[in-house]
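# Examining the three-dimensional arrangement
Given next are the chains, with one letter for each unit.
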Amino acid sequence: MRSYLSHVARPVEQPSRERREQALEAAGYNLFNIAAADVAIDLLTDSGTGTMSTDQWAAMLQGDEAYAGSRSFERFQEAVSEVTGFEHVVPVHQGRGGENVLYGALITEGEYVLNNTHFDTTRAHVANNGGHAIDCPIDAAVGGASDYPFKGNFDIATAREHVEEVGAENVSVVILTITNNSAAGQPVSVTNTREVAAFAADIDATFVIDACRFAENAFFVQERESDYADASIREIAREQLSYADAIVVSGKKDGLSNIGGFVAVADDPELFARVKQRTIMYEGFPTYGGLAGRDLDAMATGLREAVERPYLEHRIGQVRELAEKLSAAGLPVVEPVGGHAVYVKADQLLSHIPDEEFPGQALVCALYEEGGVRGVEIGSFAFPDTDRPEYVRLAVPRRTYHREHFDHVAETAAAVVERHEELTGFEIIGEPPIPELRHFSAELRPVE
Ligand code: F0G
């Protein structure tokens, strides 16, 4: 059984209740506007917020900061090839930089993109290139009630209906997001991946895997897909990714680094050439992609650590432990629990608050006020005009928090459950111009 020692100590203080109330009001009841120093336990995201290993820090000291062809790039390329099977890779500053590079090379105005569920930056990049983003989740993903093992899967029947409607010639890209972040971090099976690849080939679309959490996904495959029970995490990851024409990865997730990402292309020299050109334009020369050489070394080492089974047992074990504690505290959580976060069904707890008054945001604010715990709403506030469920996401940074922290989150949750009937909804008082991005900066006030 793996665990981790903390050899760098950062004190964490719980701000006083008065301070938390003031901070919340000054933030316009939007937790993105709260300073980290005013947060006790930060579960806003698992992206870039994890703890690097001693091997990663050691590797960083070897960073080669040459502009072109650095040794750090060579080591990075070797790690990507070993772990993912892809030889043609460009680093980028983070996942969305990769989305800009890749989707700008693939999508032209008016084309359609199908995905199990688009993550918000993916949707924004499809739109930015003039494309239309269509989600094709399976039915089991939506309600969250069943214990179906692969709720993140892509629904091919739904996708075919869309293709009939818009014409195969207008669908340029098919994306599979593993794990499916916007569907409660649920995994995708290898069987489904193979089927989606065949479907994409059938309609002559490029098949991309958004592989931000490919290692966590492989853990679930090993656990739940019988054909892969005896395969190693590395074998599963390589096989699952091998079906894609290209992959886009945020190193801030399963690269276990604080910054970075990459795009890799299989056998399409023409596409890879376009990707490299766009990398030069938006990220940097294709052997550093907007990163320092040392960041490439951190990511190279992190990618290898992420596919170690003991690491994943610890990682997913922590998420499951938090879910159990929250459930025992009376919060309704999505089951089975996904890879990187616990998703709470806020509308179930706060059934007296209508969706238009953002029950998820009410829960997020109450968790902060009660215990300095920062989560994020991913319901009607974050995704206006969609019928996403009213979830709150409590994401677990990798190798960072310990059981005492999870106990504190659970005690906070129990206190909120205790007074849940008193909680009120919220209304928006100031909104930014791009509706897809409103939850990052909109301000709210409690409904009287
Ligand atoms: N794709 C998925 C599935 C993601 O979860 C993210 C980021 C990205 C792409 C973009 O990567 O942040 O490195 O630019 N997700 C983070 C989150 C922000 O909190 O879930 P990025």
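Here the structure is a predicted model, which is why all the values come from computation and not from measurement.

Calculation notes
- Residue positions are counted from 1 within each chain, in the order its sequence is given.
- Only residues with pLDDT of at least 70 get local features here, since the model is predicted, and only at 80 or more are side-chain atom pairs given and counted; chain-wide, interface and lining totals rely on the full set of residues.
- Side-chain metrics rest on all non-hydrogen atoms present in the structure, leaving aside hydrogens and water.
- Being near a molecule or strand, for a residue, means having at least one of its heavy atoms within 4 Å of it.
- Polar contact is defined as a pair of N or O atoms within 3.5 Å, subject to the rule that within protein one atom must be able to donate a hydrogen and the other to accept it, and that residues adjacent in sequence are counted only when both atoms are side-chain atoms.
- Residue burial considers only the protein chains on display, and all accessible areas are found by Shrake-Rupley using a 1.4 Å probe.
- Only runs of H or I of at least four residues qualify as helices and only runs of E of at least two qualify as strands under DSSP, and these elements are numbered from the N terminus.
- As a working rule, the residues Ala, Val, Leu, Ile, Met, Phe, Trp, Tyr, Cys and Pro are called nonpolar, Asp, Glu, Lys and Arg charged, and the rest polar, with Gly in that last group.
- Here a Phe, Tyr or Trp ring, Trp counted by its six-membered ring, pairs with any other such ring whose centre lies within 6.5 Å, and the pair is stacked when the planes are under 30 degrees apart, edge-to-face when over 60, and tilted otherwise.
- Burial classification: accessible surface area is computed with a 1.4 Å probe over protein chains only, and a residue below 20% of its type maximum counts as buried, one above 50% as exposed, and the rest as partly exposed.
- For two strands to pair, DSSP has to find at least two bridges joining them.
- What counts as an axis is a line fitted to C-alpha atoms, over the stretch in contact for a helix, and the angles between N-to-C directions run from 0 to 180 degrees.
- Here, two residues are considered to be in contact whenever any of their heavy atoms come within 4.5 Å of each other.

### Examining the site of the ligand
The environment of the ligand is formed by 17 residues, the closest being Thr45, Arg96, Asp210, Ser250 and Lys253. Within the side chain of Arg213, a nitrogen or oxygen atom sits 2.9 Å from an oxygen atom of the ligand. The side chain of Lys253 places a nitrogen or oxygen atom 3.0 Å from a nitrogen atom of the ligand. Contact with the protein chains hides 94% of the accessible area of the ligand, taken as 470 Å² for the molecule alone. Per-element tally for the shell around the ligand: the top contributor is helix H4 (residues 95-106), with three residues. Its residues assigned to classes, the shell around the ligand shows two nonpolar, eight polar and seven charged.

### A closer look at the packing of aromatic side chains
All told, the structure shown has ten aromatic pairs when counted by the stated rule. Note on Tyr67 and Phe285: the rings are 5.8 Å apart at their centroids and 40° apart in plane angle, and the pair reads as tilted. Of the two residues, Tyr67 sits in the loop between helix H2 (54-60) and helix H3 (71-84) while Phe285 sits in the loop between helix H11 (269-282) and helix H12 (293-306), which places them 218 residues apart along the sequence. A relative accessible area of 55% means that Tyr67 is categorised as exposed. The class for Phe285 is partly exposed, based on a relative accessible area of 30%. Ring centres 6.2 Å apart and planes at 45° place the aromatic pair Phe154 and Phe199 in the tilted group.

### Details of the sheet that holds strand E4 (residues 132-135)
Strand order across the open sheet formed by seven strands is E2-E8-E7-E6-E5-E3-E4, with mixed pairing between neighbours. Strands at the two margins of the open sheet, each flanked by one partner only, are strand E2 (88-92) and E4. Taking each pair of neighbouring strands and ignoring which way they run, the sheet shows an average axis angle of 20°. As paired elements, strand E3 (residues 112-115) and E4 share four bridges and run parallel to each other. Across the sheet, the residue bridging to Leu114 is Ile134, located in E4. Seen against the sheet, H3 touches E2, strand E7 (246-250) and strand E8 (261-265) and runs at an angle of roughly 120° to E2. Here H4 sits on the sheet and contacts E2, strand E5 (171-177), strand E6 (206-210), E7 and E8; the angle it forms with E7, its principal contact strand, is near 155°.

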